[in-house]
Amino acid sequence: MPKFRLLGLLLFTSLFAWAQTTATLHLRVTDPSSSAVTGALVSLDTPLTGYHAEGVTAADGGVTFQNAPLQDYRLTVTKAGFAAQVREVRLRTNIPVQLEVVLALSAVEGAVSVNAFETAELVDPEATGTRTVMNQGQMERMPVAVSSRGIESYIMSFPGFAANANGAIHPRGAHNQMTFVVDGMPISDQLTGAFATSIDTSIVQTIELYTGNVPAEFGAKVSGVASVLTRSGLGTGRKFGGSLATGVSQFDTATTAAQVFGETGRLGYFASVSGSKSNRFLDQVALENLHNGGNTERGLIRLDYLATHRDSLRFHIMSGRSSFQLANLPSQHANGQQQRQLFRDLSLWAGYVRTLSPAATYDATVSYRTSIAQFSPSAGDTPVTASQSRHLSTLNVAQRVNWIRGVHTLRVGGDVQHFPVSEDFTFGITSPAFNDPASEGYIETLRAVDLTRGGSLFRFSEKGRGTLYTGFLQDTIRAGRWTFTLGARYDSYRFLVNGNQLQPRVGLAFHLRETGTVLRASYNRNYQTPPNENLLLANTDQAAALVLPDVRERAGGAFLRIQPERQNVVEAGVQQSLGRRMSVNAVYYNKSSTDLQDNDNFFNTGIIFPTSLARSRVNGVETRLAVPQWRGFSGSLSATHYRVIATPPFTGGLFLGNAAVEALSAGPFIIDHDQNLSLHGMVSYTSRKGWWASWQMRHDSGLVSNPSDPAEVAQDPDYADLLPYVDLAGDPPRVRPRTIVDLAGGYEHTRDGRRDWEIMFQLTNLTNRTALYNFQSLFVGTRLVQPRAAGVRLRFWF
């Protein structure tokens, strides 16, 4: 179908479809005589996650809360002359909840009528797996850099993740394999700074993160699923409002953002545009920050329309663009290398939700996302030159039915995803020292692309189309103290390889109310499809022919195509409230995989090639202590440990001149995702007068590095000065431990109860710690942690 006909069909279809995974509460407040109470203040809170929303009842005593994350809430209703009401409200589906609250007259000012659930608000009695929520207010006060690339900076505060370069994150021992679901649109592309334009954090209302017992409706990449709810104009109580923000920091970094929002009648709108530029756009590859400038622009428009009391429609447009230089090694800089990369993406999605009955809803979604990556070479490229033009589009159509019947909360649905891809890639050797015929690791098949010895450019150009068909059923059963989640998913994958998988996903939780304890356990069978970025080239004989012949022979799978990854995941954990001020969550998990997916990074560039290994095994333990806000203070402390053993042979990738491929093909090895310990702590304080401050610390014991020879590294002018920051004598070798401390503080001025302006100061890497994320890694190359940087941001509301 021609592109314009496809786009036209999408725009037409999207008027009738959209999937909603948020809750709606319709509340009516009355007095003892059943008369409406006007002007009552109603708030909806979850102390554990910090979520807060409030509204004021209208003339009919009604107020509506929309776009709320699925959760149990504390509802508080206050009005002068009445006793305040506090009660628990369960909002676990997108089926609208109708509730009436009767306020009793109060002769004593400040009297409260409480339907208490005390310690229950510090634990989640219905979560059968690891689930964490972060909201807009928490994100705005975190001390992340002014030039923060996107949502990954905030996800790193959760347990289970190891930090990598350029915003990349390893969820529970996986390379990336995350899905972001933005208001119902699934995005399985790699969204880190070197590979794509990240999601703008200023548009986010809440992030709901699943890393254990992932619901059956999520697939494709499920090592972690981040369900992102964007901000809406509905419920703001204003016809027009907005904000302007700007910030500056070191490395010639500047950011700016503008947002408008409001509601009129049944229509709500929200729009945001933002941009940033920096001379340290990516994490540098050498101690000196060389050739590393870039800029990025992002935008979102969201429209909500309440057609009737039973029907709602939404429409979204989201776009992003990043243009940046590729960071140089000293030798590359001296040779005049000036490579650049450009990313562009456009997403359109819209939809419809229908309330079928007081206990059932129907929703659907149609989304279209297209992304383009272009890599530009330069005359001074060394040791290789390369160019790339890659285009990936994804059309997703999904339908859901939700209903409540007795103790059952059911959700059933199906998805069809179609993804056309195209790839154009060239490369050639430009340094006579690379693949020297006199060297021990000489590869004869590379001679044809050695431009210094009469060869010509390697050229690849191909297109392909794939489809993923999915059906699922999930049921949450509440039976007294017990909660059971019974789910099953079936995927049928049709692309370069064909595959099918039935995936049971089951879990249980037991709630000891008397002690504030929740015990939980789950089993998941997962089916993760290969990443589509450069998948065509990575699966060709052309790429396989370029590796060392003995490696190819030992691998046995060099000419095999990358298969979907199959996982068996078992998790067990406990969540415990500690008094009424804090709670702790502890988890153990075991994950065994066949056809483990990973990436091969092409010479420290943003060009990646999918690869897989025969098997892997992950064992991990993680814990999180959470302290909800108390007298202005709040905080958390997370700890993560996991061990990842991978077993060759390799399949796919584009490994050139890397001796580690031969070493790692010999037998099981500890892969570079492995880390013994990571700690993340955060403390924040907000005063009633508008002053606030936050502190965060992250300790990483170090990822596995390339098993390089220290003597050879000491003679290499590009890497010799990095030797103090890596332990190559270790078993396995690792980058050395690091502890990074960040600070932020500011003042928020309000007027008539509304935010007026705010100033914020930030200091990242307080001690100016020099450290590595990776060193000569086969999979991600070499990258350094950002040096100390101070910044300031100013924001105005109107």
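Residues numbered from 1 in each chain as written. Predicted model: local features only at pLDDT ≥ 70, side-chain atom pairs only at ≥ 80, totals over all residues. Heavy atoms only, no water.

Novice: Even after reading the chapter, I still don't get the overall build of the chain, so can you show me in this structure?
Specialist: For the chain, the count of helices and strands is 9 helices and 42 strands. For 798 residues, the compact-globule formula gives about 28 Å, and the C-alpha radius of gyration of the chain, at 27 Å, lands near that figure. Its C-alpha atoms put the chain at 95 × 50 × 50 Å along the principal axes. Here the contacts in the chain between residues at least 6 apart in sequence split such that 68% fall between residues at least 24 apart. Accessible area for the chain stands at about 30,700 Å²; split by element, carbon and sulfur atoms hold 58% of it. (Helix = DSSP H or I, 4+ residues; strand = E, 2+ residues; numbered from the N terminus. Rg over C-alpha atoms; globule rule 2.2 N^0.38 Å. Contact = heavy atoms within 4.5 Å. Areas by Shrake-Rupley, 256 points an atom, 1.4 Å probe, with all protein chains shown as cover.)

Novice: Sorry, what's going on with the sheet that holds strand S12 (residues 178-182) here?
Specialist: In a beta sheet, neighbouring strands pair by backbone hydrogen bonds and run either parallel or antiparallel. Pairing within the open sheet is mixed, and its 5 strands lie in the order S9-S14-S15-S12-S13. Whereas interior strands pair on both sides, the edge strands pair on one side only; in this sheet they are strand S9 (131-135) and strand S13 (185-187). When the angles between neighbouring strand axes are averaged without regard to direction, this sheet yields 20°. Of the strand pairs in this sheet, S12 and strand S15 (residues 224-230) are connected by 5 bridges, and their pairing is parallel. Considered in S15, the bridge of Val 182 is made with Val 228. (Pairing = 2+ DSSP bridges. Axes fitted to C-alpha atoms, helices over the stretch in contact; angles between N-to-C directions.)

Novice: How should I be thinking about the pairing of S9 in this particular structure?
Specialist: Sheet faces and side chains relate simply in a regular strand, where the side chains alternate between the two faces. Most of S9 is tucked away: 5 of the 5 residues are buried. Residues Arg 131, Val 133 and Asn 135 of S9 are buried on one face, and the alternating residues Thr 132 and Met 134, pointing to the opposite face, are buried as well. The pairing of S9 with strand S14 (residues 204-210) spans 5 bridges and is classified as antiparallel. Across the sheet, the residue bridging to Met 134 is Ile 207, located in S14. (Buried < 20%, exposed > 50% of the residue type's maximum accessible area, 1.4 Å probe, protein only.)

Novice: Help me understand the packing of aromatic side chains, please; the structure alone is not making it clear to me.
Specialist: Centre distance and the angle of the planes are the two values used to describe a pair of aromatic rings. One pass over the full model with this rule turns up 17 aromatic pairs. Between Phe 240 and Phe 798, the ring centres sit 5.8 Å apart and the planes meet at 35°, which makes this aromatic pair tilted. Of this pair, Phe 240 sits in the loop between S15 and strand S16 (241-249) while Phe 798 sits in the segment after strand S42 (789-797), and the two are 558 residues apart along the sequence. The class for Phe 798 is partly exposed, based on a relative accessible area of 37%. Ring centres 6.5 Å apart and planes at 65° place the aromatic pair Phe 425 and Phe 458 in the edge-to-face group. On the criterion of sequence distance, the pair formed by Phe 425 in strand S24 (residues 408-429) and Phe 458 in strand S25 (residues 458-479) is long-range, its members being 33 residues apart. Judged by its relative accessible area of 2%, Phe 425 falls in the buried class. Given the relative accessible area of 8%, Phe 458 is considered buried. Connected via pairs of aromatic rings, a cluster forms that spans Phe 425, Phe 427, Phe 458 and Phe 609. A cation sits over an aromatic face here: Arg 172 above Tyr 589, 4.1 Å from the ring centre. (Phe/Tyr/Trp six-rings, centres within 6.5 Å; stacked < 30°, edge-to-face > 60°. Lys NZ or Arg CZ within 6 Å of the ring centre and 35° of its normal.)

Novice: Hey, could you run me through the confidence of the model for the chain in this one?
Specialist: Interpreting fine coordinate detail is not advised for predicted regions of low pLDDT. Confidence in the prediction for the chain averages 88 pLDDT; 91% of positions are at 70 or higher. Between the elements of the chain, mean pLDDT differs from a low of 38, seen in helix H1 (residues 3-14), to a high of 98, seen in strand S26 (residues 482-494). This stretch, residues 1-19, has a pLDDT under 50; its non-local contacts, to residues over four places away or in other chains, come to 42 contacts. Ignoring residues within four places in sequence, the model shows residues 108-119, a span with pLDDT below 50, making 21 contacts including any to other chains. (pLDDT = per-residue confidence, 0-100.)

Novice: Whenever I open this one, the nonpolar core confuses me. Can you help?
Specialist: Nonpolar side chains tend to gather and get buried jointly when the protein is soluble and globular. By size, the foremost hydrophobic cluster in this structure holds 37 residues, and its most contacted members are Ile 155, Phe 161, Met 178 and Phe 180. Of all the secondary-structure elements, those providing two or more residues to this core are helix H3 (152-155), strand S10 (161-163), S12, S13, S14 and S15. The residues touching Ile 155, leaving out its near neighbours within four places in the chain, are Phe 161, Ile 169, Met 178, Phe 180, Leu 209 and Ala 226. Grouped together as the second largest cluster of nonpolar side chains are 36 residues, Tyr 493, Leu 537, Ile 607 and Phe 609 included. (Core = buried A, V, L, I, M, F, W, Y, C linked by side-chain atoms within 4.5 Å.)

Novice: What should I look at first to understand the sheet that holds strand S7 (residues 97-102) in this one?
Specialist: In space, the 3 strands of this open sheet follow the order S4-S1-S7, with mixed pairing throughout. Each of the sheet's edge strands pairs with one partner strand only, and the pair in question is strand S4 (62-68) and S7. Put simply, the sheet's adjacent strands are angled 20° from each other on average, direction ignored. Sheet analysis places strand S1 (residues 23-30) next to S4, joined by 5 bridges and oriented antiparallel. If you follow Leu 27 over to S4, its bridge partner there is Val 63.

Novice: What's the story with the pattern of salt bridges in this structure? I'm lost.
Specialist: Any two side chains of opposite charge can pair, given that their charged atoms come close. Overall, the coordinates contain 36 salt bridges when judged by the stated rule. The salt bridge partner of Asp 124 is Arg 92, with a shortest N-O separation of 2.7 Å. Residue Asp 124 is found in the loop between strand S8 (112-114) and S9, and its partner Arg 92 is found in the loop between strand S6 (84-91) and S7; the two are separated by 32 residues along the sequence. Classification of Asp 124 by relative accessible area gives buried; the value is 6%. Salt-bridge contacts for Arg 755 lead to Glu 748; the nearest nitrogen and oxygen are separated by 3.0 Å. Using a relative accessible area of 15% as the deciding quantity, one classes Glu 748 as buried. Each of Asp 72, Arg 90, Arg 92, Asp 124, Glu 126, Arg 131, Glu 208 and Arg 478 takes part in salt bridges that share partners, so that together they form one network. (Salt bridge = Lys/Arg side-chain N within 4 Å of Asp/Glu carboxyl O.)

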